[in-house]
Amino acid sequence: MKYYLIAGEASGDLHASHLMRSLKSIDNDAQFRFFGGDKMAAAGGTLVKHYRELAYMGVVPVLMHLPTILRNMRICKSDIRRWKPDALILVDYPGFNLNIARFAHRLKVAGAGLSVYYYISPKIWAWKEYRIRNIKRDVDELFSILPFEVDFFERKHSYPIHYVGNPTADEVRAFKAGTDTSRDVFIGENGLSSSKPIIAILCGSRKQEIRDNLPAMLQATAHLAGNYQMVVAGAPAIDHDFYSQFTAGYQVTVLPAGNSFQLLHVATAALVTSGTATLETALLGVPQVVCYATALPRLIGFLRRRLLKVPFVSLVNLIAGREVVKELVADSFSVDNIRMELTAILNGSARQQMLNGYEQVRRTLGSESAPDNAARTMHRLLTSGR
């Protein structure tokens, strides 16, 4: 079978690479072309465009790069039409991928034998719920990695989906089972102090996120430099020099990309920009404060309370169905608030309460292998002609 995958950011690259390996394990003839990243390239196949050329977020950056985005869409559509895959697998990244899904649907109507699968479903339960019309029309099968999405899609919108397990939980389990790097070895290899506990800083995977969040995170932790060491997890596709403009004057270490699990494994607490990293942090058992700065924070905070369909932004709280971790978003995001919430989880009852909440999240996610389950279902549907 020929599989065409599209992942537009670092987390999608990671999850898609595992799915590709699972597909190869059950389909000896699997061929891949993709928009993605280095991890997908390592899994095999042909990289058409790197996600570095796709990962724009926010209204202003999208408008500034609109010609590039539209050009990439044209390249993607032309490549799909030329290569004629059996399956198009869309991985999160809905702004781009739903447009491609509509294109693929038109190809099917015109007679192309192309199945459209969405792996890691768009988060329309949070906002832009109207996109359900496009999904129902353009997507043949939807694969969910969040348990609460089943009720949203199936009960509320009468659209059957597949809950396959959570790939982040899979990745954390694999890391825990395979890690043989002790704290002392990791600290020594990265030039850290063995006498100070570590506060991990995960400030996003895009330049705009880093630019918005990292300065306040550093200000909020500067007073702890005598007793703790602050360590930033470098993001894939972000040059190390990019961080220097924000870290100058602070006692902080920036690790190369690819070390976030190892960093969290040895960290005492973390400041985390909302996203997959909040769930990774929880599953690795590190108390955290979720930090997400926005432009026009008061306006965004007002709109969030009235337009957002869910009460939380972090995956940890959404999965638990209650506030397990503190979210400082938009108008609640400030240096003082970050400092106060971080202090609360370094010691005392708030720390233990959060760790107890993490256990609930682990139980809810279960122990199924998401990429294996998704791959088996996709291959079965393709070979049965659906």
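Residues numbered from 1 in each chain as written. Predicted model: local features only at pLDDT ≥ 70, side-chain atom pairs only at ≥ 80, totals over all residues. Heavy atoms only, no water.

Trainee: Requested: an account of the overall build of the chain, with residues and values cited.
Mentor: Across its full length, the chain holds 18 helices and 13 strands. In terms of overall dimensions, the chain is globule-like: its C-alpha atoms have a radius of gyration of 21 Å, near the 21 Å expected for 386 residues. Projected onto its principal axes, the C-alpha positions of the chain cover 65 × 45 × 40 Å. Of the contacts made within the chain by residues no fewer than 6 positions apart, 67% connect residues no fewer than 24 positions apart. Both charge centroids of the chain, one from 45 positive and one from 34 negative side chains, sit 6 Å from each other. (Helix = DSSP H or I, 4+ residues; strand = E, 2+ residues; numbered from the N terminus. Rg over C-alpha atoms; globule rule 2.2 N^0.38 Å. Contact = heavy atoms within 4.5 Å. Lys, Arg positive; Asp, Glu negative; His and termini not counted. Charge placed at Lys NZ, Arg CZ, Asp CG, Glu CD.)

Trainee: A description of unusual backbone geometry should follow, citing residues and the corresponding values.
Mentor: Located in the positive-phi region is Tyr93, a residue other than glycine, with phi close to 50°. Tracing the chain through its elements places Tyr93 in the loop between strand 4 (87-91) and helix 5 (94-109). Accessibility expressed as a relative area gives 13% for Tyr93, which makes it buried. In this model, Ser158 sits at a positive phi of 50°, which is unusual for a non-glycine residue. Structurally, Ser158 can be placed in the loop between helix 7 (148-156) and strand 7 (162-163). The exposed category is assigned to Ser158, whose relative accessible area is 59%. (Buried < 20%, exposed > 50% of the residue type's maximum accessible area, 1.4 Å probe, protein only.)

Trainee: Could you give an account of helix 16 (residues 335-346), naming the residues involved and the relevant values?
Mentor: For helix 16, which comprises twelve residues, the first-to-last C-alpha distance of 17 Å matches the rise-based estimate of 16 Å (1.5 Å per residue) to within 8%. For helix 16, every residue scored as buried is listed here: Ile338, Glu341, Leu342, Ile345 and Leu346. Here the buried residues of helix 16 occupy an arc of 140° about the axis, which is enough to place them on one side. In the core, the buried residues of helix 16 are packed alongside strand 8 (198-202), helix 10 (207-221), strand 11 (269-272), strand 12 (288-292), strand 13 (326-329) and helix 17 (349-365). Just downstream of helix 16, Gly348 is the residue with a positive phi angle, here 95°. (Expected span 1.5 Å × (residues − 1). Arc of directions from axis to C-beta.)

Trainee: So what about the nonpolar core? Which residues, and what values?
Mentor: In this structure, Leu5, Leu88 and Tyr119 are the most contacted members of the largest nonpolar core, which totals 132 residues. Looking at this core, the element that brings in the most residues is helix 5, giving seven residues. (Core = buried A, V, L, I, M, F, W, Y, C linked by side-chain atoms within 4.5 Å.)

Trainee: Can you lay out the pairing of strand 8 for me, pointing to particular residues and giving the numbers?
Mentor: Each regular strand carries side chains that alternate between the two faces of the sheet. Among the five residues in strand 8, five count as buried, and that is most of the element. Here strand 8 shows no split at all, with Ile198, Ala200 and Leu202 on one side and Ile199 and Ile201 on the other all buried. Note that strand 8 and strand 9 (residues 229-233) share four bridges and pair parallel. The residue bridging Ile199 from the neighbouring strand is Met230, located in strand 9. In this fold, strand 8 hands off to helix 10, which returns the chain to strand 9; that crossover is right-handed. (Pairing = 2+ DSSP bridges. Right-handed = clockwise from strand over helix to strand, strands pointing away.)

Trainee: Give a detailed account of the environment of Tyr130, specifying residues and quantitative values.
Mentor: Looking at where Tyr130 falls in the secondary structure, it is placed in the loop between strand 5 (115-119) and helix 6 (132-138). By relative accessible area, which is 45% here, Tyr130 ends up partly exposed. Note: C-alpha distance between Tyr130 and Lys156 (26 residues apart in sequence) is 13 Å.

Trainee: Which residues make up the side chain of Lys49, and what values do they have?
Mentor: With respect to the element layout, Lys49 can be found in strand 3 (residues 46-50). Judged by its relative accessible area of 17%, Lys49 falls in the buried class. For Lys49, the contacting residues outside a window of four places in its chain are Phe34, Phe35, Gly36, Asn72 and Ile75.

Trainee: Describe in detail the packing of helix 10 against helix 11 (residues 240-247), supporting the description with residues and values.
Mentor: Helix 11 packs onto helix 10 with a crossing angle of 35° between their chain directions and a minimal axis gap of 9 Å. For helix 10 against helix 11, the interelement crossing comes out right-handed. Contact residues: Lys207, Ile210, Arg211, Leu214, Pro215 and Leu218 in helix 10; Phe242, Tyr243, Phe246 and Thr247 in helix 11. Along the lines of polarity and charge, the residues of the contact of helix 10 with helix 11 split into seven nonpolar, one polar and two charged. (Axes fitted to C-alpha atoms, helices over the stretch in contact; angles between N-to-C directions. Left-handed = near helix turned anticlockwise from the far one by under 90°. Nonpolar A, V, L, I, M, F, W, Y, C, P; charged D, E, K, R; others polar.)

Trainee: So what's going on with the sheet that holds strand 10 (residues 252-255)? Residues and values would help.
Mentor: On the basis of which strands lie adjacent, the open sheet formed by six strands has the order 10-9-8-11-12-13 and parallel pairing. Whereas interior strands pair on both sides, the edge strands pair on one side only; in this sheet they are strand 10 and strand 13. Strand-to-strand twist in this sheet, taken as the mean axis angle between neighbours without regard to direction, amounts to 20°. Packing against the sheet, helix 10 makes contact with strand 8, strand 9, strand 10, strand 11 and strand 12, and its axis sits at approximately 160° to strand 8.

Trainee: Can you break down the pattern of salt bridges residue by residue, with the values?
Mentor: A side chain with one charge can pair with a side chain of the opposite charge if their charged atoms come near. Overall, the coordinates contain twelve salt bridges when judged by the stated rule. Among the ionic pairs, Arg206 bridges to Glu9, the shortest N-O distance being 2.1 Å. Within this pair, whereas Arg206 is found in the loop between strand 8 and helix 10, its partner Glu9 is found in the loop between strand 1 (2-7) and helix 1 (10-26), the two being separated by 197 residues in sequence. Each member of the pair Arg206 and Glu9 is classed as buried. (Salt bridge = Lys/Arg side-chain N within 4 Å of Asp/Glu carboxyl O.)

Trainee: Tell me about the state of the cysteines, residues and numbers included.
Mentor: Under the criterion given, the structure shown has zero disulfides. Distance from the sulfur of Cys203, which forms no disulfide, to the nearest cysteine sulfur (Cys291) is 10 Å. (Disulfide = S-S within 2.5 Å.)

Trainee: Pulling in residues and values, what's your account of the environment of Gly37?
Mentor: Relative to the helices and strands, Gly37 is located in the loop between strand 2 (31-36) and helix 2 (38-43). Gly37 sits in the buried class, given a relative accessible area of 0%. A C-alpha to C-alpha distance of 25 Å links Gly37 and Val231, two positions 194 residues apart in sequence. The contact partners of Gly37, leaving out residues within four places of it in the chain, are Asp13, Leu47, His50 and Tyr51.

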